[in-house]
Every structure is written in C-alpha cells, then in structure tokens.
Amino acid sequence: MRIDIITVSPELIKSPFEYSIIKRAIDKELIEVHFHDLRKYALNKYGKIDDYQFGGGAGMVLMIEPIDKCISELLTQRNYDEIIYMTPDAKTLNQQTSNILSTAENLIILTGHYKGVDQRVRDKFVTLEISIGDYVLSGGELAAAVLCDSIIRLIPGVLGDETSALTDSFQDNLLAPPVYTRPAKYDDMEVPEILLSGNFPKIEKWRHDKAVKRTENIRPDLFNLKDE
Ligand code: ADE
C-alpha cells in the first residue's frame, strides 16, 4: 500500500511513522508513506496557502489552488482508491472503515488546518471524509496518524501474530475481554482460574461472555450497529 499525506505541517505527522509497528511495516516494504508539504505548492514566494473566508468569520481557510496542484500532480502518477479528507464534520471512523481501507492500494490523505479547506476541494477531489471523534483538533495531522495506524496494522504481514488484529476490540462490534499475564497471583489479586485451565473452548466462551458484559456496560450502542 502507498499512502500520500498532504499537510501544512509534515514535521508534526512524521514521528508516528518512525516507531514500532508502522516503522516495521515500512522497513518490510509492506507500506510506503510519502509526505507532501502544501507550502511547496503555494501561490507565491511567501508560501501563501490560506486566506480569509468569504462572508466573514474568524479563521483562515486553506485555498484550493495549492491543494489542486498537489493532488493533480499525484493523480498524473497513479490511480487512488480514495482521496480522504480528515475533518471533524464527517462520519466517525470505525473498525469497519479501517478494515475496508486496509485493502486499498493507494490512498491520499488530506489534512485540514485552521477553519478547514475551501469547500470546492471537497467537491472536486475528496471521495471520503473522516472524523476521528466528536472533538476538534488543531489540525488533521494527528487524526491522519490515527487513521493510518488503524489501517496499517490490518495489512497482512504487519503484525507478527496474524490473528491478533482479528481479535481486536470492535472486530465483531464487541469490546475486547480482559487480559492477564504473569504473575498468576499479585498481592491478593488472582488471574481467573479458567485462563490457567488449558481448556480452550471454555476459555473462548469465558472471553466472549466477558466481552459481551463489558460492551453492555460501557458501549451498549455497539449492539445496535449493523454492518453496512
Ligand atoms: N481535524 C480536526 N479535528 C478533527 C477530528 N476530530 N477528526 C478528523 N480531523 C480533524
């Protein structure tokens, strides 16, 4: 998979790609990530990429021309499965969307800043808009990093244990059950006996029951989700 990230702050988004699982995926050449500094496509030598909004109101808006130049250049080089815009005024990211995106070959992710991008960018180029939650970040960079992490860990070969992404929370609209490791007893707190029993069908049932209970308590709304 190739991901092209368009941003006004490349430095802000680079570090999550330099560590741990994502770095390993890049080293193994399972993914390629390219950062595009929007200022390189600026209108003038002062790096102008934003302007006041028509109609008045606080906050600057990213202009269409630099984004058009950047995206159009990428589109001459390859086809993209999706051109994604990170914004709080969109549908919230969930596991199902990450699962689907993890099968893509090429993705562009555009991150907003200030008041966002000129609507005409969204109308002309963007095929998918994603929010990572009902709160506003200073820019879309951290949101893009979250999206990339959730996608990349699903690509076959990225995680050492192939099954571990499949048993993540949300894969079946359930939160994950509790997990334990050594020591089996810490102070007066003991690991549930069933987990030490070696009876795997029973362990699976215990985990499922705990996952259902946890979901009922914390996120009952997940039971109402239908796969789209
Ligand atoms: N940009 C600013 N806030 C955001 C959010 N919640 N999700 C995605 N992009 C954003």
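Scroll up to find the structure.
No experiment lies behind these values; they were computed from the predicted model shown. (Residues numbered from 1 in each chain as written. Predicted model: local features only at pLDDT ≥ 70, side-chain atom pairs only at ≥ 80, totals over all residues. Heavy atoms only, no water.)

Asks: I'd love a proper account of the site of the ligand, names of residues and values included.
Replies: In the region of the ligand, 13 residues are neighbours, and T87, I132, G133, Y135 and L137 sit closest. A distance of 3.2 Å is found between a nitrogen atom of the ligand and a backbone nitrogen or oxygen belonging to T87. Within the backbone of G133, an N or O atom sits 3.1 Å from a nitrogen atom of the ligand. In isolation the ligand exposes 260 Å². Once the protein is present, 96% of that is buried. Of all the secondary-structure elements, those providing two or more residues to the shell around the ligand are β5 (82-92) and β7 (128-131). Among the elements that line the shell around the ligand, the one with the most residues is β5, at three residues. For the shell around the ligand, the per-class residue count stands at eight nonpolar, five polar and no charged. (Near = heavy atom within 4 Å. Polar contact = N/O pair within 3.5 Å; in protein donor to acceptor, adjacent residues only side chain to side chain. Areas by Shrake-Rupley, 256 points an atom, 1.4 Å probe, with all protein chains shown as cover. Helix = DSSP H or I, 4+ residues; strand = E, 2+ residues; numbered from the N terminus. Nonpolar A, V, L, I, M, F, W, Y, C, P; charged D, E, K, R; others polar.)

Asks: A description of the pairing of strand β6 (residues 106-111) should follow, citing residues and the corresponding values.
Replies: The buried fraction of β6 is high, at six of six residues. Of the two faces of β6, both are covered, the one formed by N106, I108 and L110 as well as the one formed by L107, I109 and T111. With five bridges connecting them, strand β1 (residues 2-7) and β6 associate as parallel partners. Each residue of the ladder has a partner; that of D4, found in β6, is I108. Relative to β6, β5 runs parallel, the two sharing five bridges. Paired with Y85 across the bridge in β6 is L110. Between β5 and its parallel partner β6, the chain crosses via helix α4 (residues 95-101), and the hand of that crossover is right-handed. (Buried < 20%, exposed > 50% of the residue type's maximum accessible area, 1.4 Å probe, protein only. Pairing = 2+ DSSP bridges. Right-handed = clockwise from strand over helix to strand, strands pointing away.)

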